[in-house]
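Close look at the chain arrangement
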Amino acid sequence: MLNELFPNVVIEKLLVATGETFYMTLLALVGTVIFGIILGLLLYLTSNGGLWENKVLNFIVATIVNVFRAIPFIILILLLIPFTKFLIGTIRGPNAAIPALIVGAAPFYARLVEIGLREVNRGVVEAAQSMGAKTKTIIFKVLLPESMPALVSGITVTAIALIGYTAVAGVIGAGGLGDFAYYHGFVRRDFDVVFVCTVLIVIIVFIFQFIGDFITNKLDKR
């Protein structure tokens, strides 16, 4: 029945492409969360009234974040080709897409982290300071735990954006469902392949959204 509806879809290759999409998304998400939290903390801590208030550093970090957020992802991939070639040794395949995915998504998540941190009750931070808590303690015992629901919600949004990025990366040979849809579907005018890949990407988005919402609701004690 499936072969009759989608005669040009090769199940084995489709499964490989799906696995590559999950691989790129999850690996890039780990890097994005690490760098995004670091950048988000710097934006928050160096802002006016922050624990590390520093206008110059805040301006530099904010500029870096804003510049990379403003560059369309397809252009960013092309700009990072020399860096990717140096780091990975190739510009094709799922691994080659990881650097661009992280660079493209980390600034986006950094802003979500900053917003989440700003939602933490200022009184809680001041209470920790009055008790003599060091900055490290405030970060790991107050700021991050208190903002965890917002951080996880931001991870969900970022993960869904990354899924879209992997599809774009596939157009230049990064693998995954985007690659499969373009080279095995669009180029060959086999639009049943494009349709199936689109459905699978939507399903993956729903999976990430469901998991993210479930964890956020568990963490949110309000």
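Structure: above.
Here's what I pulled together on the structure shown here. Residue positions within a chain follow its written sequence, with the count starting from 1. Whole-chain, interface and lining totals are the exception, using all residues; otherwise, since this is a predicted model, local features are given only for residues with pLDDT of at least 70 and side-chain atom pairs are given and counted only at 80 or more. Note: side-chain values were computed over all heavy atoms of the structure, leaving out hydrogens and water.

Observations concerning the overall build of the protein
Each helix and strand counted, the protein has 11 helices and 0 strands in total. Element order for the protein, N to C, with α for helix and β for strand: α-α-α-α-α-α-α-α-α-α-α. For the C-alpha atoms alone, the extent of the protein along its principal axes is close to 70 × 40 × 25 Å. Burial statistics for the protein: of 222 residues in total, 41% are counted as buried. Within the protein, contacts between residues separated by at least 24 positions form 72% of all contacts whose residues are at least 6 apart in sequence. Working definition of accessibility: Shrake-Rupley area with a 1.4 Å probe, residue cover restricted to the visible protein chains. Accessible area of the protein: about 12100 Å², with a carbon and sulfur share of 69%. For the purpose of counting charges, residues Lys and Arg are taken to be positive, whereas Asp and Glu are taken to be negative. His and the chain ends are not included. Charged side chains are reduced to one point each, which is NZ for Lys, CZ for Arg, CG for Asp and CD for Glu. Once the 16 positive and 13 negative side-chain charges of the protein are each reduced to a mean point, those two points are 10 Å apart. Note on conventions: DSSP H or I runs of at least 4 residues are helices, E runs of at least 2 residues are strands, and numbering of each starts at the N terminus. Burial status follows relative accessibility: with a 1.4 Å probe on protein chains alone, a residue under 20% of its type maximum counts as buried, one over 50% as exposed, and anything between as partly exposed. Pairs of residues are marked as contacts when any of their non-hydrogen atoms sit within 4.5 Å.

Remarks on the nonpolar core
Throughout, nonpolar core names a set of buried Ala, Val, Leu, Ile, Met, Phe, Trp, Tyr and Cys residues whose side chains join them through atoms within 4.5 Å. Residues Leu 14, Phe 73, Leu 101, Leu 117, Val 125, Leu 143 and Cys 197 are the most contacted members of the largest nonpolar core, which totals 46 residues. Sorting the residues of this core by element identifies helix H2 (11-45), helix H4 (73-79), helix H6 (94-118), helix H7 (122-130), helix H8 (135-146), helix H9 (148-170), helix H10 (176-186) and helix H11 (191-219) as the ones contributing at least two each. Those residues within four positions of Leu 117 in sequence are excluded, and the remaining contacts are Gly 40, Leu 41, Tyr 44, Leu 143, Leu 144 and Ser 147.

Some remarks on the packing of aromatic side chains
Note on ring pairs: Phe, Tyr and Trp rings are taken, using the six-membered ring of Trp, and paired if centres are within 6.5 Å. Classes follow the plane angle, with under 30 degrees stacked, over 60 edge-to-face and the rest tilted. For the structure on display, the rule yields 5 aromatic pairs. Summarising the aromatic geometry, the rings of Phe 22 and Phe 208 are spaced 6.3 Å apart at their centres and angled 25° between planes, so their arrangement reads as stacked. Of this pair, Phe 22 sits in helix H2 while Phe 208 is found in helix H11, placing the two residues 186 residues apart along the sequence. Seen from their ring centres, Phe 186 and Phe 191 are 6.4 Å apart, and the 75° between their planes marks the pair as edge-to-face. Relative accessible area serves as the criterion here: at 46%, Phe 191 is assigned to the partly exposed category. Ring-pair connections join several aromatic residues into one group, and the members of that group are Tyr 182, Tyr 183, Phe 186 and Phe 191. Over the ring of Phe 186 we find Arg 189, and its NZ or CZ is 5.1 Å from the ring centre. Charge-over-ring placement is defined geometrically: NZ (Lys) or CZ (Arg) within 6 Å of the ring centre, and within 35 degrees of the ring normal.

Let's talk about unusual backbone geometry
Phi at Arg 189 is positive, roughly 60°, even though this residue is not glycine. Residue placement: Arg 189 occurs in the loop between H10 and H11.

What to know about the packing of H2 against H9
At a closest axis distance of 9 Å, the pairing of H2 and H9 adopts a crossing angle of 135°. The orientation of H2 with respect to H9, classified from their angle, is oblique. In terms of crossing hand, the pair formed by H2 and H9 is right-handed. Facing Thr 21, Met 24, Thr 25, Ala 28, Leu 29, Thr 32 and Val 33 of H2, the residues of H9 in contact are Ile 155, Thr 158, Ala 159, Leu 162, Ile 163 and Thr 166. For the contact of H2 with H9, a count of residues per class yields 8 nonpolar, 5 polar and no charged. To get an axis, fit a line to the C-alpha atoms, keeping to the stretch in contact for a helix; angles then go from 0 to 180 degrees between the N-to-C directions. We call two directions roughly parallel when the angle between them is under 35 degrees, roughly antiparallel when it is over 145, roughly perpendicular when it lies between 65 and 115, and oblique otherwise. Crossings are assigned a handedness: left-handed for a near helix turned anticlockwise from the far helix by less than a right angle, right-handed for a clockwise turn. Residue polarity follows a fixed list, in which Ala, Val, Leu, Ile, Met, Phe, Trp, Tyr, Cys and Pro are nonpolar, Asp, Glu, Lys and Arg are charged, and the others, Gly among them, are polar.

So, a nonpolar patch on the surface
Taken together, the side chains of Met 148, Phe 195, Val 199, Ile 203, Ile 207, Phe 210, Ile 211, Phe 214, Ile 215 and Leu 219 define a hydrophobic patch exposed on the protein surface, amounting to about 880 Å² of accessible area. Looking at the nonpolar patch element by element, the count peaks at 9 residues for H11. Tracing the sequence through the fold places Phe 210 in helix H11. For Phe 210, a relative accessible area of 60% translates into the label exposed. Here the term patch refers to residues with relative accessible area over 30% and no salt bridge, with like charges joined within 9 Å and nonpolar side chains (Val, Leu, Ile, Met, Phe, Trp, Tyr) within 5 Å. One speaks of a salt bridge when a side-chain nitrogen belonging to Lys or Arg is within 4 Å of a carboxyl oxygen belonging to Asp or Glu.

Some points on the packing of H2 against helix H3 (residues 55-70)
Axis separation between H2 and H3 bottoms out at 9 Å; the angle between their running directions is 140°. The angle between H2 and H3 falls in the class oblique. Both H2 and H3 take part in a crossing whose hand is left-handed. Taken together, the residues of H3 that come into contact with H2 (itself represented by Leu 39, Leu 42 and Leu 43) are Asn 58, Val 61, Ala 62 and Val 65. Considered class by class, the residues forming the contact of H2 with H3 number 6 nonpolar, 1 polar and no charged.

Re the environment of Tyr 165
Relative to the assigned elements, Tyr 165 resides in helix H9. Taking the C-alpha atoms as reference, Tyr 165 lies 6.8 Å from Leu 101; in sequence the two are 64 residues apart.

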